[in-house]
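Read off the chains here:
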Amino acid sequence: MRVLLGSGGIGTEERRLRYRDLISNHFRDSENVVFIPLATHDHERRTARLKESLGPMGARFHGLDLDCGVEQILAADGVYMGGGNSFLLNMDLHKYGLIDALRDVVKQGIPYLGVSAGSNVACPTMMTTNDMPIVMPPSYEALGIVPFQINPHYYPGKITFHSEGQRYDHFGESRRQRISEYHQHEAIPVLGLWEGSYVEWDGVRGRLIGRARAFFQDLEPVNFDDGAIFDGTLTLG
Ligand code: ASP
């Protein structure tokens, strides 16, 4: 399998360059990549923005046509699942019957790129998203093309923020607290993926590009450094 999952948060020029390099390498042999913009409301605008942001390479990316989504996915030689709201995305993946076709092509080795919400739905479920439940998907079950969960846009500790020249502490739950709430009910390990970071997954082993922290139901969390190699249980190896 050739899976690349990003956390989003590519707000600096350095991160944008890394993202473009990774995409062009990931889709080096692909001429017909289907771009799935279902995490957003305005599919056409989202697709146009993506194509524009990729420059000449954008010509090889085609927005999903919901009238023939399954056929388009089966005929594609690459899949790019864009970010946005994970509830909306997962609802539409189920509603338009795209889950099985996506799983099949990814298992056959078609390169899959997911960014943020697109990484959430690559997991067994979408239960470790940060998004608000703005719609009701029929199920939290997602594509399951990696065996662990991802929490994208992860950051350690608590937030401090600035407003009108003042610095404030924010006392809401940290990501660690939220992930430990998930682990009170579920045993699947969770990779907290820092912004600007990526996971490469070949079906057996993963490689981290950037920074991450792995969370487990009954073990202490473990920091993953750039280049870390791990298996489906998020055990370093
Ligand atoms: N809203 C995020 C994105 O797709 C997903 C998340 O934070 O869980 O950018």
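Note that the structure is predicted; figures quoted are calculated from it, not measured.

Colleague: Kindly report on the overall build of the protein chain, identifying the contributing residues and their values.
Modeller: The helix and strand inventory of the protein chain stands at 7 helices and 14 strands. Rg of the C-alpha trace for the protein chain: 17 Å, near the compact-globule value of 18 Å for 237 residues, within the 12% margin. For the protein chain, the C-alpha atoms occupy an extent of roughly 45 × 45 × 35 Å along the three principal directions.

Colleague: Kindly report on the pairing of strand 2 (residues 33–36), identifying the contributing residues and their values.
Modeller: Alternating positions in strand 2 separate into two faces, V33 and F35 on one and V34 and I36 on the other, with burial throughout. Bridging between strand 2 and strand 3 (residues 61–63) involves 3 bridges; their strand directions are parallel. Of the residues in strand 3, the one forming a bridge with V34 is H62. In terms of handedness, the path from strand 2 via helix 2 (residues 43–53) over to strand 3 forms a crossover that is right-handed. Direction of pairing for strand 2 relative to strand 4 (residues 78–81): parallel, over a ladder of 4 bridges. Across the sheet, V33 pairs through a bridge with G78, a residue of strand 4.

Colleague: An account of the sheet that holds strand 10 (residues 198–201) is needed here, citing residue identities and associated values.
Modeller: The strand order across the open sheet built from 8 strands is 3-2-4-5-1-10-11-14, with neighbouring strands paired in mixed fashion. The outermost strands of the open sheet, each flanked by one partner alone, are strand 3 and strand 14 (229–231). When the angles between neighbouring strand axes are averaged without regard to direction, this sheet yields 20 degrees. Sheet topology note: the strand 11 (residues 205–209)/strand 14 ladder contains 3 bridges and is antiparallel. Bridge pairing in strand 14 links R207 to I229. Relative to strand 1 (residues 3–6), helix 1 (residues 13–26) is tilted by about 160 degrees, and along the sheet it contacts strand 1, strand 5 (112–115) and strand 10. Against the sheet, helix 2 engages strand 2 and strand 3, with an angle of about 170 degrees to strand 3.

Colleague: A description of the site of the ligand should follow, citing residues and the corresponding values.
Modeller: Residues in close proximity to the ligand total 14 residues, the closest being G83, S116, A117, T129 and N130. Secondary structure elements with two or more residues in the shell around the ligand: helix 6 (117–120) and strand 6 (149–154). Each residue belonging to the shell around the ligand can be placed in one class, and the counts come to 3 nonpolar, 10 polar and 1 charged.

Colleague: Please give an account of unusual backbone geometry that cites residues and values.
Modeller: For S116, which is not glycine, the phi dihedral falls at a positive 60 degrees. Secondary-structure assignment places S116 in the loop between strand 5 and helix 6. In this model, E164 sits at a positive phi of 45 degrees, which is unusual for a non-glycine residue. Within the secondary structure, E164 sits in the loop between strand 7 (160–163) and strand 8 (166–169). Of the residues examined, E164 has 4 C-beta atoms within 10 Å and is grouped as exposed.

Colleague: Give me the sheet that holds strand 9 (residues 190–194): which residues, what numbers.
Modeller: Pairing within the open sheet is mixed, and its 4 strands lie in the order 6-9-12-13. Edge strands, defined here as strands with exactly one partner in the open sheet, are strand 6 and strand 13 (222–224). Ignoring strand direction, the axes of neighbouring strands in this sheet form an average angle of 25 degrees. Here strand 12 (residues 212–215) runs beside strand 13; their pairing, made up of 3 bridges, is antiparallel. Of the residues in strand 13, the one forming a bridge with R213 is N223. Along the sheet, helix 7 (residues 175–183) contacts strand 6, strand 9 and strand 12; its crossing angle with strand 9, the most-contacted strand, is approximately 160 degrees.

Colleague: Account for the nonpolar core, with residues named and values stated.
Modeller: With 56 residues, the main nonpolar core has V3, V79, V121, A122 and L191 as its most contacted residues. Ranked by residues supplied to this core, first place goes to strand 2 with 4 residues. With residues near it in sequence (within four places) discarded, L191 still touches F148, I150, V199, A212, A214 and L234.

Quick notes on the rules
- For every chain, the first residue of the written sequence is number 1, and numbering continues from 1 along that sequence.
- Local features in this predicted model are restricted to residues whose pLDDT is 70 or higher, and side-chain atom pairs enter the listing and the counts only when it is 80 or higher, whereas totals over whole chains, interfaces and linings include all residues.
- Strands here mean DSSP runs of E at least two residues long; helices mean DSSP runs of H or I at least four residues long; both are numbered from the N terminus.
- Atoms counted for the radius of gyration: C-alpha only. Globule rule: 2.2 Å times the number of residues to the power 0.38.
- Residues with at least 20 other C-beta atoms within 10 Å of their own are called buried, those with 12 or fewer are called exposed, and the rest are partly exposed. The C-beta atoms themselves are positioned from the backbone.
- Note: two strands are recorded as paired if DSSP finds a minimum of 2 bridges between them.
- Convention used here: a crossover is right-handed provided that the path from the first strand, over the helix, to the second strand proceeds clockwise when the strands point away from the viewer.
- Every axis corresponds to a line fitted to the C-alpha atoms, with the helix fit spanning only the stretch in contact, and the corresponding angles, defined between N-to-C directions, vary from 0 to 180 degrees.
- We call two residues in contact when their backbone-placed C-beta atoms lie within 7 Å.
- To decide whether a residue is near a molecule or strand, its C-beta atom is placed from the backbone and checked for lying within 6 Å of it.
- Following the grouping adopted for this structure description, the nonpolar residues are Ala, Val, Leu, Ile, Met, Phe, Trp, Tyr, Cys and Pro, the charged ones are Asp, Glu, Lys and Arg, and the polar ones are all others, Gly among them.
- Buried Ala, Val, Leu, Ile, Met, Phe, Trp, Tyr and Cys residues whose C-beta atoms connect them within 7 Å together make up a nonpolar core.

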